[in-house]
Amino acid sequence: FRKLLRKHLGVTLSFNIFWNTRFDTKIVKVEKIINLMRNVKNRFPFKALNITYQSFARSLIEYAAPLFGELPNKVMDKLEKLQYAASLIVTGIPKTTSYNKALDETGWPSMTDRFTQLRMSLFYRIVNELDCPSYLVQTLKSLINTTDIEEMRTSLKTRMHDTSILQLKSEV
């Protein structure tokens, strides 16, 4: 009987490729960090709270973010709300302040923009072969040589299938 969930390098993967489980657990952890920040916000300056959020909360959310691609709106909304709550704590501005103004005060990008930046950064490193796994470079090069979109999809599916078979064999 196969497990429906597996954890690899701290990322919870499900066989149906939904990220909800992974983010539900991370959201609970981030909420705890934000609540802790809320309790100490009057004792620490902006800079300390800002560093606390970016180092402990946002880093939890962003771990392995380039893997996720476009997340479902429901998940992104939860992440944006968490960041909004953190921005209100860090800046001390009233709750009636808009999300965009709160982000302007902190200098943070929206979570949607941040995930895009992380994906683009990884893609840049792959294209320029800078500090990234060789299999990513090889996969991209083979896809670039393939001009037919359907052929590209088939090639990717075959590689993913071959990789999963090799992984299952190594686990046995």
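Residues numbered from 1 in each chain as written. Predicted model: local features only at pLDDT ≥ 70, side-chain atom pairs only at ≥ 80, totals over all residues. Heavy atoms only, no water.

Points about the overall build of the chain
Step number 1: Of regular secondary structure, the chain possesses seven helices and two strands.
Step number 2: Secondary structure elements in the chain, listed N-terminal to C-terminal, are β-β-α-α-α-α-α-α-α.
Step number 3: For the chain, with 172 residues in total, the buried portion stands at 31%.
Step number 4: Per element, the accessible surface of the chain, about 11900 Å² overall, is 59% carbon and sulfur. (Helix = DSSP H or I, 4+ residues; strand = E, 2+ residues; numbered from the N terminus. Buried < 20%, exposed > 50% of the residue type's maximum accessible area, 1.4 Å probe, protein only. Areas by Shrake-Rupley, 256 points an atom, 1.4 Å probe, with all protein chains shown as cover.)

With respect to the side chain of arginine 119
Step number 1: Within the secondary structure, arginine 119 sits in helix α5 (residues 111-127).
Step number 2: Assessed through its relative accessible area of 18%, arginine 119 is described here as buried.

Quick notes on the packing of helix α2 (residues 46-62) against helix α3 (residues 73-91)
Step number 1: For the pair α2 and α3, the least separation of the axes is 9 Å and the interaxial angle reads 165 degrees. By the criterion of interaxial angle, the relationship of α2 to α3 is roughly antiparallel. Classified by chirality, the crossing of α3 by α2 is right-handed. Two secondary-structure elements touch here, α2 through Phe46, Leu49, Asn50, Tyr53, Arg58 and Ile61 and α3 through Leu79, Gln83, Ala86, Ile89, Val90 and Thr91.
Step number 2: Taken together, the residues of the contact of α2 with α3 sort by class into eight nonpolar, three polar and one charged. (Axes fitted to C-alpha atoms, helices over the stretch in contact; angles between N-to-C directions. Parallel < 35°, antiparallel > 145°, perpendicular 65-115°, else oblique. Left-handed = near helix turned anticlockwise from the far one by under 90°. Contact = heavy atoms within 4.5 Å. Nonpolar A, V, L, I, M, F, W, Y, C, P; charged D, E, K, R; others polar.)

Notes on the nonpolar core
Step number 1: Phe23, Leu71, Leu79 and Phe115 are the most contacted members of the largest nonpolar core, which totals 26 residues.
Step number 2: When residues of this core are traced back to their parent elements, those giving at least two are α1 (20-40), α2, α3 and α5.
Step number 3: Among the elements that take part in this core, α3 stands out by supplying seven residues, more than any other.
Step number 4: Not counting chain neighbours up to four residues away, the residues in contact with leucine 79 comprise Phe23, Ile27, Ile61, Leu71, Met111 and Phe115. (Core = buried A, V, L, I, M, F, W, Y, C linked by side-chain atoms within 4.5 Å.)

With respect to the packing of aromatic side chains
Step number 1: Inspection of every chain in the model, using the stated rule, returns two aromatic pairs.
Step number 2: Look at tyrosine 84 and tyrosine 99: their rings are 5.8 Å apart centre to centre, the planes differ by 75 degrees, and that puts the pair in the edge-to-face class. One end of the pair, tyrosine 84, is in helix α3; the other, tyrosine 99, is in helix α4 (residues 99-106), and 15 residues separate them in sequence.
Step number 3: Residue class for tyrosine 84 comes out partly exposed when judged on its relative accessible area of 21%. (Phe/Tyr/Trp six-rings, centres within 6.5 Å; stacked < 30°, edge-to-face > 60°.)

Notes on unusual backbone geometry
Step number 1: Of note, glutamate 129 is a non-glycine position whose phi angle comes to about 55 degrees, a positive value.
Step number 2: Mapped onto the elements of the fold, glutamate 129 is located in the loop between α5 and α6 (134-145).
Step number 3: Here aspartate 131, not a glycine, exhibits a phi torsion of approximately 50 degrees, which is positive.
Step number 4: Along the polypeptide, aspartate 131 turns up in the loop between α5 and α6.

So, the packing of α3 against α4
Step number 1: Where α3 meets α4, the closest approach of the two axes is 9 Å, and the angle between their N-to-C directions is 55 degrees. If you check the angle between α3 and α4, you find them oblique. α4 is crossed by α3, and the crossing has left-handed handedness. In contact with Glu80, Gln83, Tyr84, Ser87, Val90 and Thr91 of α3, α4 contributes Tyr99, Ala102, Leu103, Glu105 and Thr106.
Step number 2: Of the residues in the contact of α3 with α4, the class split is five nonpolar, four polar and two charged.

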